[in-house]
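# Coordinates in review
Below are the chains, spelled out letter by letter.
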Amino acid sequence: TITVNFSGHLYEGTLRGRAEIRDPEGGGIKVNGKIADVQLQQISALQQWSDHEISGGLGGDFIYAAGSANPKLSGNLTMSACRVELASAIFNQDTFEFKKIDADLVLQNRNLVINGLSATGSQLDLKVAGRIKLNESNRAKNALDLTGTVTPHHVFLAKIEKDIPVDFLRNKKTGQTAISFKVDGTMEDPVFSLN
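Residues numbered from 1 in each chain as written. Predicted model: local features only at pLDDT ≥ 70, side-chain atom pairs only at ≥ 80, totals over all residues. Heavy atoms only, no water.

To continue, consider the pairing of strand 7 (residues 111-121). By the bridge criterion, 10 bridges tie strand 6 (residues 93-108) to strand 7 in an arrangement that is antiparallel. Bridging from a neighbouring strand, Asp102 pairs with Ser118 of strand 7. Connecting the antiparallel pair strand 6 and strand 7 is a turn made up of two residues, with Asn109 showing a positive phi of about 50 degrees. Where strand 7 and strand 8 (residues 124-133) come together, eight bridges link them in antiparallel fashion. Paired with Val113 across the bridge in strand 8 is Arg131. In this antiparallel pair of consecutive strands, strand 7 and strand 8, the connection spans two residues. (Pairing = 2+ DSSP bridges. Helix = DSSP H or I, 4+ residues; strand = E, 2+ residues; numbered from the N terminus.)

As structure tokens, this is what we get:
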């Protein structure tokens, strides 16, 4: 086994970790790493992957493991002071700000599995889980299979009241503030449904 410790700077943040190469000829490798204070708005691949502008600080731990087949990347990541500027507004809101976002993610076999994502924001709180099937040739065709809940804060709820069916909103105000949702379809043509 060959072991390499590494550290460096990454988008104004830091990257450090340890790589173990167990079988140089067979490609057996395991990397344990940690990132801190990485600035999301500087990652060009992220900005190209999404039509929305995303900024904030990213940190957390990740593990990459690869053998002869099925490489796997998993991570527990935290974003702080996150701001999302939407390509098109939702309920006349084009910007959302989150104090903290925690995510447990796994990338394997062209599937991004979101085991859990929890966001605490200025306008709303959000929880999401599910899967995004990545399309190699066209990211717009990435297939979505996500479920979650959104809990609007009082000021934001007052702002969107006129855009939500009255009966639906009345049911939520009587004690259940979290709104369940599902997202299917593709990145270019997502289908949203509320429960």
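That was the structure; now back to the text.
Turning next to a nonpolar patch on the surface. A surface patch of nonpolar side chains, amounting to about 220 Å² of accessible area, comprises Tyr64, Leu73 and Leu107. Among the structural elements, Tyr64 can be located in strand 4 (residues 53-66). (Patch = residues over 30% accessible without salt bridge, like charges linked within 9 Å, V, L, I, M, F, W, Y side chains within 5 Å. Areas by Shrake-Rupley, 256 points an atom, 1.4 Å probe, with all protein chains shown as cover. Salt bridge = Lys/Arg side-chain N within 4 Å of Asp/Glu carboxyl O.)

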